[in-house]
Amino acid sequence: MRKQNKAKVMEPILPKNPVAKFAHQFNKAVVHADKRQYRRKAKHGSFEPFSIAIAHGY
């Protein structure tokens, strides 16, 4: 008779945690600008206001 191999004990497959699996993609350190701070400079400082009126002349 042929020798039989002992059945290997299978370890239980644990369910994967999708939150922990993809956490490295979403947990990024980001510095946000303080929107409460008052800024004196205009948003578009390089543009001259009413430039079309000046081009046609008065």
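Residues numbered from 1 in each chain as written. Predicted model: local features only at pLDDT ≥ 70, side-chain atom pairs only at ≥ 80, totals over all residues. Heavy atoms only, no water.

Before going further, it helps to spend a moment on the overall build of the protein. On a plain count of helices and strands, the protein comes out with three helices and zero strands. Traced from its N-terminal end to its C-terminal end, the protein shows the element sequence α-α-α. Surface exposure of the protein reaches about 7500 Å², of which carbon and sulfur atoms provide 60%. (Helix = DSSP H or I, 4+ residues; strand = E, 2+ residues; numbered from the N terminus. Areas by Shrake-Rupley, 256 points an atom, 1.4 Å probe, with all protein chains shown as cover.)

Enumeration according to the criterion identifies one salt bridge in this entry. In this structure, Arg36 engages Asp34 in a salt bridge whose closest nitrogen and oxygen atoms are separated by 3.5 Å. The class for Arg36 is exposed, based on a relative accessible area of 78%. Classification of Asp34 by relative accessible area gives partly exposed; the value is 36%. (Salt bridge = Lys/Arg side-chain N within 4 Å of Asp/Glu carboxyl O. Buried < 20%, exposed > 50% of the residue type's maximum accessible area, 1.4 Å probe, protein only.)

Before going further, it helps to spend a moment on the confidence of the model for the protein. Of the residues in the protein, 76% have a pLDDT of 70 or more, and the chain-wide mean is 77. Here helix H3 (residues 51–56) stands out as the least confident element of the protein, with mean pLDDT 58; helix H1 (residues 18–21) is the most confident, with 88. (pLDDT = per-residue confidence, 0-100.)

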